[in-house]
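# Coordinate analysis (summary)
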Amino acid sequence: YMNVPEINTPITVEHDKKKRQFTIRLNGSHDRAVLLYEYVGKKTVDLQHTEVPDAYRGRGIAKHLAKAAMDFVVEEDLKAHLTCWYIQKYIKENPQPQYLEHIHPM
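For the protein chain, an unreviewed UniProt entry supplies the name Protein NATD1 and the organism Oncorhynchus mykiss. Per UniProt, the protein chain has the following entry under Sequence similarities (unreviewed entry): "Belongs to the NATD1 family."

Here we come to the side chain of D46. Topologically, D46 is positioned in strand β4 (residues 44-51). Of the side chains bearing the opposite charge, R20 lies closest to the buried D46, which forms no salt bridge; the N-O distance is 11 Å. With sequence-adjacent residues up to four places away left out, D46 is seen in contact with L36, Y37, E38, V40, H81 and T83.

Okay, the packing of aromatic side chains next. Aromatic ring pairs are defined here through the distance separating the ring centres and the angle between the ring planes. The tally for this structure, following the rule as stated, stands at six aromatic pairs. Ring geometry for Y37 and Y39: centres 6.1 Å apart, planes at 70°, overall edge-to-face. Relative to F72, the ring of Y37 has its centre 5.4 Å away and its plane inclined at 45°; by these criteria the two rings are tilted. Of the two residues, Y37 is situated in strand β3 (residues 31-39) and F72 in helix α1 (residues 61-75); the sequence distance between them amounts to 35 residues. One aromatic cluster in this structure is built from F22, Y37, Y39 and F72.

Attention now moves to the side chain of T23. Tracing the chain through its elements places T23 in strand β2 (residues 21-26). Once you skip the residues sitting within four places of it in the chain, T23 turns out to touch T12, V13, E14, R32, A33, V34 and L65.

What follows deals with the nonpolar core. F22, L47, M70, L82, I87 and I91 are the most contacted members of the largest nonpolar core, which totals 29 residues. Every element with two or more residues in this core is listed here: β2, β3, β4, α1, β5 (79-82) and α2 (85-93). Sort the elements by how many residues they give to this core and α1 lands first, with nine residues.

Attention now moves to the pattern of salt bridges. One pass over the structure, following the stated rule, counts six salt bridges. Across the salt bridge formed by E38 and R20, the nearest N and O atoms sit 2.8 Å from each other. Taken as a pair, E38 in strand β3 and R20 in the loop between β1 (13-16) and β2 lie far apart in primary sequence, 18 residues in all. The exposure class of E38 is partly exposed, given its relative accessible area of 30%. Owing to a relative accessible area of 28%, R20 belongs among the partly exposed residues under this scheme.

What counts and what doesn't
- Residues numbered from 1 in each chain as written.
- Predicted model: local features only at pLDDT ≥ 70, side-chain atom pairs only at ≥ 80, totals over all residues.
- Heavy atoms only, no water.
- UniProt positions renumbered as here; feature names shortened; annotations may be inferred.
- Helix = DSSP H or I, 4+ residues; strand = E, 2+ residues; numbered from the N terminus.
- Buried < 20%, exposed > 50% of the residue type's maximum accessible area, 1.4 Å probe, protein only.
- Lys, Arg positive; Asp, Glu negative; His and termini not counted.
- Salt bridge = Lys/Arg side-chain N within 4 Å of Asp/Glu carboxyl O.
- Contact = heavy atoms within 4.5 Å.
- Phe/Tyr/Trp six-rings, centres within 6.5 Å; stacked < 30°, edge-to-face > 60°.
- Core = buried A, V, L, I, M, F, W, Y, C linked by side-chain atoms within 4.5 Å.

Next up, the structure:
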């Protein structure tokens with residue numbers, strides 16, 4: 001039985017454009033969930049990797065990161081490569097037209 005930390009603060013996603021990452025601070029700030037991306041062209045980003053600490057898995061935290069990343073792609077009118085399997089899964093489960101039209105064919 002794992003001692004699962006409580007998340008009692010609303011989940012906020014921070015976007016660091018310099019480091020090209022979306023993060024959610026968990027449990028104060030020493031635990032973080034992260035989504036990393038990279039520009040692979042002027043208007044094309046590669047959503048590379050989503051990581052949630054083990055203790056926080058299965059609580060839908062990655063969904064917040066995926067949504068923030070896709071909303072960013074739509075807002076900035078970018079094209080996205082979905083290298084990260086989690087984002088691929090997220091899009092399958094949330095096939096919103098505005099997301100789909102911003103995805104590079106795999």
